[in-house]
Amino acid sequence: MLSMGGNEVDEAVASAVALLRPVVDRDWADTNAGGLDWSCRQTAEHIVTDLVTYAARLAGRTQSPYARLNITLGSVGGLAPAGNEGADTRVNEGILDVITATGALLTAAIRTAPRDARAFHPAPFRSANREGFAAMGIAEVLLHAHDMAEGLGLPYEPPAHLAEFVLTRIFPEVRPGPDRWQTLLWATGRADLPGRARLTGWTWSNNLVLDTDRLRLEGVTPAAAADLSSGAADLSSGGTGGFDWIEDGPFHGTREAAGMLIKSYEAGVHRPEFGMYILVRREDDRAVGGVGFHGAPDEEGKAEVGYDLAEPARGNGYATEALRALAERALARDDVRSLFATIEPSNAPSQAVIARAGFVRVSEELDAEGLQAYELRG
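The structure presented is a predicted model; accordingly, all values stated were derived computationally and were not measured.

(A) Fine view of the overall build of the chain. Counting its secondary structure elements, the chain contains 10 helices and 10 strands. For the chain, the spread of C-alpha atoms along the principal axes amounts to about 85 × 45 × 35 Å. Burial statistics for the chain: of 378 residues in total, 53% are counted as buried. Here the analysis covers contacts within the chain between residues at least 6 apart in sequence; of these, 64% occur between residues at least 24 apart.

(B) Focus on the packing of helix α1 (residues 6-20) against helix α4 (residues 130-152). Where α1 meets α4, the closest approach of the two axes is 9 Å, and the angle between their N-to-C directions is 10°. The angle between α1 and α4 places the two elements in the roughly parallel class. Contacts between α1 and α4 involve E8, V9, A12, V13, A16, L19 and L20 from the former and A134, I138, V141, L142, A145, M148, A149 and L152 from the latter. A class-by-class count of the residues in the contact of α1 with α4 yields 14 nonpolar, no polar and 1 charged.

(C) Focus on the packing of helix α7 (residues 222-229) against helix α8 (residues 252-267). Orientation of α7 relative to α8, taken along the N-to-C sense of each, is 135°, at an axis distance of 8 Å. As judged from the angle between their axes, α7 and α8 are oblique. The crossing of α7 and α8 is left-handed. Contacts between α7 and α8 involve P222, A225, A226, D227, L228 and S229 on the former and, on the latter, R255, A258, G259, L261, I262 and Y265. Within the contact of α7 with α8, the residues separate by chemical class into 8 nonpolar, 2 polar and 2 charged.

(D) The arrangement of the nonpolar core in detail. With 78 residues, the main nonpolar core has W28, I99, F171 and I278 as its most contacted residues. Counting residues in each nonpolar core, the second largest holds 34 residues, with L210, L215, L217 and A327 among its members.

The rules behind each value
Residues numbered from 1 in each chain as written. Predicted model: local features only at pLDDT ≥ 70, side-chain atom pairs only at ≥ 80, totals over all residues. Heavy atoms only, no water. Helix = DSSP H or I, 4+ residues; strand = E, 2+ residues; numbered from the N terminus. Buried < 20%, exposed > 50% of the residue type's maximum accessible area, 1.4 Å probe, protein only. Contact = heavy atoms within 4.5 Å. Axes fitted to C-alpha atoms, helices over the stretch in contact; angles between N-to-C directions. Parallel < 35°, antiparallel > 145°, perpendicular 65-115°, else oblique. Nonpolar A, V, L, I, M, F, W, Y, C, P; charged D, E, K, R; others polar. Left-handed = near helix turned anticlockwise from the far one by under 90°. Core = buried A, V, L, I, M, F, W, Y, C linked by side-chain atoms within 4.5 Å.

On their own, these measurements won't tell you what the molecule is for.
Here is the structure:
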């Protein structure tokens with residue numbers, strides 16, 4: 001089953017606390033955290049602030065960009081003031097306790113949030129789901145533990161599967177490397193990676209969601225695609241991608257499309273806005289099919305689209321509704337001039353969908369694979 005991230009948040013926090021617990025007697029307030037402008041104390045405060053902010057946003061389904069909590073940990077539980085013997089140790093121990101507590105708050109928010117819960121986050125599509133908040137929380141903990149470790153002269157390498165969780169949820173454009181932790185450090189401008197230029201700017205990317213009257217088109221992450229594509233060769237097997245599917249879903253075409261996304265991701269050419277979306281009915285949060293692109297637009301601004309529905313969902317206009325929404329967003333971009341699709345001549349229902357969405361037949365001739373080509377120009 002695809003993990004939503006609660007266990008991983010717990011593990012990331014435990015990893016960071018285990019790293020820092022042996023050095024609580026050190027001066028964190030006057031020691032810089034690696035390449036950051038913050039001290040180790042300030043970096044620890046930043047971890048706490050992010051964990052509690054993410055927990056509060058997800059638990060409250062907050063949509064306001066101003067819902068951020070700023071926490072200062074200069075005096076914890078009546079600890080001795082700076083300058084007293086043992087003051088640094090007691091304050092630093094208290095900070096680790098607060099990191100543990102706020103990590104538990106985020107874990108609780110993830111585990112209790114419904115599948116369709118989303119809350120505000122700016123990077124880059126203005127919202128994140130529970131997996132996104134988990135991945136962001138794990139990233140904050142691991143990466144800033146790394147920064148503090150550098151400042152304090154400690155070696156640190158967290159479990160590779162935690163870096164994998166982050167990369168496959170919020171770094172969909174980053175080509176995975178053989179060392180997941182080093183790849184995550186590179187993706188956040190903290191390390192070199194053979195064959196790749198050092199990054200000076202970066203951001204993570206939560207999945208995009210497009211709303212229509214009856215549907216949500218939810219962008220598929222590499223993690224969800226890997227789970228879905230595990231059953232591409234057998235309709236009776238494979239994962240759900242974290243979605244609650246109607247009977248007989250997902251259909252074979254959805255699993256094949258997920259496999260195509262994984263190949264693009266592994267090649268480093270996946271672009272989430274030109275990826276795959278799962279069609280989720282708003283009325284009951286049930287997934288009914290998939291729609292998306294075969295890749296980013298070519299040099300002429302042309303992008304290929306495809307769609308697929310589980311059999312019980314057909315005949316309700318879902319594919320047309322989804323395709324129209326996808327086409328409208330794509331053709332509003334400067335880098336997209338036209339969309340095209342290819343359909344088997346015998347597939348009358350699919351031809352009706354494409355026609356209702358505004359596509360027109362390009363030629364009476366069939367292509368090299370015996371398919372009919374349709375196009376929609378912006």
